[in-house]
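The primary structure of each chain is shown beneath.
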Amino acid sequence: MSESASSVDGQPSSLLRRLAAIVYDTLLLLAIWMVLGLLVVILGNTTGLYSPRAHFVLNLVVAWGFFYWFWTRTGQTLGMQAWNIQLRTEGGQAINAWQATLRYLVAVAQWLVILMAIWAVREYGAAAIIVVTAAALFALALSQFHPRRWMLHDWLTGTELVRIPGLAKPRWKQNRKT
């Protein structure tokens, strides 16, 4: 069952599609960080100026550059292209530099909250697991009940992730008899 281009274009992206794009982009970003880490460690060890904190900050800046580049150019990272979703403003235009930067900063802050929750679970055990799980489910549920499935970073930046039509099949696949 295939959806027509008009029935897909502009519809809110599902949580599953968002998560799949996040996994794809995370793998790409990890590859970039590995190459960067190799260069930083080699350079830091030869000069004696290696700093883990500076390396961490450099990783955050490179991640910002990765998302900023794609979001402000086409509205799609490579993972978003693979899953046919695009980042747009509420009016359907491309996002600007401020929106891209704020969206990245809010997303990083959300991940830091998740990391603090993991620390709390390790530190305080079962009670923290219940509280953290309930809070995470509540946050996800709020986004799913929103008419456009906005999450916190969507709401604060006035942007949304929408489905777009996929690329057409190659001619050799279209003419193939099944």
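Residues numbered from 1 in each chain as written. Predicted model: local features only at pLDDT ≥ 70, side-chain atom pairs only at ≥ 80, totals over all residues. Heavy atoms only, no water.

Chemist: Would you mind going over helix α3 (residues 52-73) in detail, with residue names and values included?
Modeler: Taking 1.5 Å as the rise per residue, α3 with 22 residues should run 32 Å; its terminal C-alpha atoms sit 32 Å apart, in good agreement. Those residues of α3 not exposed but buried are His-55, Asn-59, Ala-63, Phe-66, Phe-67, Phe-70, Trp-71 and Thr-72. Here the buried face of α3 lies against α2 (15-47), α4 (78-82), β1 (85-89) and α5 (97-124). Directly beyond the C-terminal end of α3, a positive phi value near 80 degrees is found at Gly-75. (Helix = DSSP H or I, 4+ residues; strand = E, 2+ residues; numbered from the N terminus. Expected span 1.5 Å × (residues − 1). Buried < 20%, exposed > 50% of the residue type's maximum accessible area, 1.4 Å probe, protein only. Contact = heavy atoms within 4.5 Å.)

Chemist: Give me the pairing of strand β2 (residues 159-163): which residues, what numbers.
Modeler: Among the 5 residues of β2, 5 are classified as buried, and the element is accordingly described as predominantly covered. Neither face of β2 is left uncovered, since the one carrying Thr-159, Leu-161 and Arg-163 and the one carrying Glu-160 and Val-162 both have all their residues buried. The pairing of β1 with β2 spans 5 bridges and is classified as antiparallel. The residue bridging Leu-87 from the neighbouring strand is Leu-161, located in β2. (Pairing = 2+ DSSP bridges.)

Chemist: Lay out α2 in plain terms, naming residues and giving numbers.
Modeler: Along its 33 residues, α2 runs 46 Å from first to last C-alpha, staying within 8% of the 48 Å computed at 1.5 Å per residue. Among the residues making up α2, those that are buried are Leu-15, Arg-17, Arg-18, Ala-20, Ala-21, Asp-25, Leu-29, Leu-36, Gly-37, Val-40 and Gly-44. Gly-48 lies just past α2 and shows a positive phi near 80 degrees.

Chemist: So what's going on with the packing of aromatic side chains? Residues and values would help.
Modeler: A complete count under the given rule lists 5 aromatic pairs for this structure. Here the aromatic rings of Trp-64 and Tyr-68 are separated by 4.9 Å at their centres, their planes lie at 35 degrees, and the arrangement is tilted. Of the two residues, Trp-64 and Tyr-68 both sit in helix α3, 4 residues apart, roughly one turn of that helix. A residue is classified by how much of its surface remains accessible, and Tyr-68, at 24% relative accessible area, is partly exposed. Between the aromatic rings of Phe-66 and Phe-67, the centroid separation amounts to 5.0 Å while the plane-to-plane angle is 85 degrees, which identifies the pairing as edge-to-face. In this pair, the class of Phe-66 matches that of Phe-67, namely buried. (Phe/Tyr/Trp six-rings, centres within 6.5 Å; stacked < 30°, edge-to-face > 60°.)

Chemist: An account of a nonpolar patch on the surface is requested, with residue identities and associated values reported.
Modeler: On the surface, Leu-19, Ile-22, Trp-111, Leu-112, Ile-114, Leu-115 and Ile-118 cluster together to form a nonpolar patch covering roughly 670 Å² of accessible area. Of all the secondary-structure elements, those providing two or more residues to the nonpolar patch are α2 and α5. Here the nonpolar patch takes 5 residues from α5, the largest share from any one element. (Patch = residues over 30% accessible without salt bridge, like charges linked within 9 Å, V, L, I, M, F, W, Y side chains within 5 Å. Areas by Shrake-Rupley, 256 points an atom, 1.4 Å probe, with all protein chains shown as cover. Salt bridge = Lys/Arg side-chain N within 4 Å of Asp/Glu carboxyl O.)

Chemist: How would you sum up the packing of α3 against α5? Please name residues and give values.
Modeler: Here α3 crosses α5 at 135 degrees, and the two axes come no closer than 9 Å. Overall, the two elements α3 and α5 adopt an arrangement that is oblique. For the crossing formed where α3 meets α5, the hand is right-handed. Along the contact surface, α3 presents Leu-60, Ala-63, Trp-64, Phe-67, Tyr-68, Trp-71 and Thr-72, while α5 presents Ala-97, Ala-100, Thr-101, Arg-103 and Tyr-104. Its residues assigned to classes, the contact of α3 with α5 comprises 9 nonpolar, 2 polar and 1 charged. (Axes fitted to C-alpha atoms, helices over the stretch in contact; angles between N-to-C directions. Parallel < 35°, antiparallel > 145°, perpendicular 65-115°, else oblique. Left-handed = near helix turned anticlockwise from the far one by under 90°. Nonpolar A, V, L, I, M, F, W, Y, C, P; charged D, E, K, R; others polar.)

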